[in-house]
Amino acid sequence: MKPRFTFHGGVHPPRHKTESNGTPIRDAGLPPQLVVPLNQSIGNPARPCVAVGERVLAHQRIADADGNVSAAVHAPASGRVLAIEERPFAHPSGLPALSIVIEPDGRDDSVDPVPVDWRQADGRTLREQLRDMGVVGLGGAVFPTALKLSDGGLETLVINGAECEPYISCDDRLMRERAADIVLGVGLLAERMQAKETLIGIEDDKPEAIAALTAACAGTGIEVVSVPTRYPGGGAKQLIRVLTGKEVPHGVRSTDFGVQCFNVATAYTVWRALALGLPVVSRIVTVTGAVARAGNVEARIGTPADWLVGQAGPTPDSRGIIMGGPMMGFTLPAPAAGITKATNCLIARSEALFPPRPPALPCIRCGACSEVCPASLQPMELYWHARSKQFGRAQEYALFDCIECGACSYVCPSQIPLVDYYRYAKDEIWAAERDRKAAELARTRFDFRNYRAARDKEEKQRALLPVLQPLLPALPSSQPRRPPPLRQPSMPTSRPPSRRPWPGRRRARPPVPARTRLLPPPRR
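Given the structure is predicted, the values throughout are model-derived calculations rather than measurements.

Novice: Hey, could you run me through the packing of helix H3 (residues 179-193) against helix H4 (residues 207-216) in this one?
Specialist: Axes are the key here: two packed helices are described by the angle between their axes and the distance separating the axes. Close contact between H3 and H4 brings their axes to 9 Å; oriented N to C, the two are set at 55°. Considering the angle they form, H3 stands oblique to H4. Crossing of H3 against H4: the hand is right-handed. Here Ala-179, Ala-180, Ile-182 and Val-183 of H3 lie close against H4, whose contacting residues are Ala-212, Leu-213 and Ala-216.

Structure follows, in structure tokens:
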């Protein structure tokens, strides 16, 4: 099936996928230590439920979900908990995050899986199972899947297999080798959400994956759609636009238009979590770049990134590791950080593959950035307002509609890092919003404190009134004493009898007394 719609903009950067998608998925192995961050979703970090020194089993829950927008964390291997402390986190900020450090024992003793009857269970049970199994979006957003699973009324279920960013091929290999399990997960989602149609969108540069999923979908009613290869065609809003013709604006959920989107790897983990009772303790990661053995590996969550790249044989000129793709990824501040569920690719960077960016030049107003923007924005206006810290004006130009795909920076002839300015403006706006909410909360607490103090004082007076009433002297009248009338001051007609000088008139300086001469005492 061919798509009938398209989206605005887009670029065609070099793909660099053949270096890693030609070999089957291999096991990454077991590192000496697993550093499992507790922040594995877009929401609250999980709460540890194990202690230091405790022996844990593979697939055992080691941290519980903290609220609805959260996901549980499980042990990727059996071993002993060495520490629960702040460790380097795979994030652009470089800030540490609370992590559980596990020393594997090599035995891989596992807990028994607990599947559910997903056809008979109610929606609440399925959502709790997905939350407790740690299922989140594996396309990069790590949004808790339990919150996206509705009970019905869906028009179109979109499965994202586009994988548009260069260098990344983990979803491609997953679709080639595990198409049957993916289709089982897609069928589960379609049946539970009562979708009228189900579409799997795959870019046309993956013919093997298209053929594998087409064969697996035979007789299921699921359609595989080959979409044109264009970055960022793998974005959720862009793929929904291409497959259904519906545009989802910022701040509006796609379910308001009857559409829901899942990644192919997410559908795969949904099937394993519900039908097999297996939590998410590993994921497929593309290891490529300046390495000798580029490919896709199934790595356990918490595997140090530098250890994983080291297994692929980095070349002598490799300098640093990029997590994600070259367009939306970032250089890891701490290469020893453990991988998370959002880690889909690790690129060993070198100056040959990623030469230093030239210095930025002034904007020439060529308009190339607006031509390739998939959100139909005016990037040059956003750049000027973000640079001059006019964040209100930037919001008027739909700053938060920007998906930070990097297409504008890619085509900019002045080599301006436009996306960096947009991220800076968003961070500043979010920080100001947090400060405003904190001030409102402090003001509310202060007002309530004053109200509580006045209430307590009034209650004490009421409690003491019966005791003090007999001791009070009888008043001559029950009428309250009226205050004396206020006399209106009259305007002076002459100089008031005051010793103060008139304004502007100097005060006479008092005479300085003469110094008294001290005489010697009289003689006797």
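Novice: Would you take a moment to explain the layout of surface pockets for this structure?
Specialist: Space left empty within the atom packing is revealed by a probe, the size of a water molecule, rolled over the atoms. Approximately 1,000 Å³ is the volume attributed to the second largest pocket. What lines the second largest pocket is a set of 29 residues, and nearest its centre among them are Pro-326, Met-327, Phe-354, Pro-355 and Arg-357. Looking at the lining of the second largest pocket, the elements that each hand over two or more residues are strand S16 (330-331), helix H11 (407-411) and helix H12 (418-468). Considering each element in turn, the lining of the second largest pocket owes the most residues, 4 residues, to H12. Residue classes in the lining of the second largest pocket are distributed as 18 nonpolar, 7 polar and 4 charged.

Novice: I'm lost on the confidence of the model for the protein in this one. Help?
Specialist: The predicted coordinates of low-pLDDT regions are not to be read in fine detail. On average, residues of the protein carry a pLDDT of 89, and 90% of them reach 70 or more. Segment residues 489-508: pLDDT under 50, and 6 contacts once partners within four positions in sequence are set aside and those in other chains are kept. Segment residues 514-519 is flagged for pLDDT under 50; beyond a separation of four residues in sequence, or across chains, it makes 0 contacts in the model.

Novice: Would you mind showing me how to read the packing of aromatic side chains here?
Specialist: Centre-to-centre distance and the angle between the planes together describe a pair of aromatic rings. The full count for this structure, using the stated rule, is 6 aromatic pairs. Geometrically, the ring pair formed by Tyr-167 and Phe-354 is tilted, given 5.8 Å between the ring centres and 35° between the ring planes. Of this pair, Tyr-167 sits in the loop between strand S9 (156-160) and helix H2 (170-177) while Phe-354 is found in the loop between strand S17 (345-350) and helix H8 (368-372), placing the two residues 187 residues apart along the sequence. For the pair shown, Tyr-167 and Phe-354 are each scored as buried.

Cut-offs used in this document
Residues numbered from 1 in each chain as written. Predicted model: local features only at pLDDT ≥ 70, side-chain atom pairs only at ≥ 80, totals over all residues. Heavy atoms only, no water. Axes fitted to C-alpha atoms, helices over the stretch in contact; angles between N-to-C directions. Helix = DSSP H or I, 4+ residues; strand = E, 2+ residues; numbered from the N terminus. Parallel < 35°, antiparallel > 145°, perpendicular 65-115°, else oblique. Left-handed = near helix turned anticlockwise from the far one by under 90°. Contact = heavy atoms within 4.5 Å. 1 Å grid on protein atoms, 1.4 Å probe; cavity = no way out; pocket = protein on both sides within 12 Å on 5 of 7 lines; lining within 4 Å. Points joined across faces, edges and corners; volume = space filled by probe spheres on them. Nonpolar A, V, L, I, M, F, W, Y, C, P; charged D, E, K, R; others polar. pLDDT = per-residue confidence, 0-100. Phe/Tyr/Trp six-rings, centres within 6.5 Å; stacked < 30°, edge-to-face > 60°. Buried < 20%, exposed > 50% of the residue type's maximum accessible area, 1.4 Å probe, protein only.

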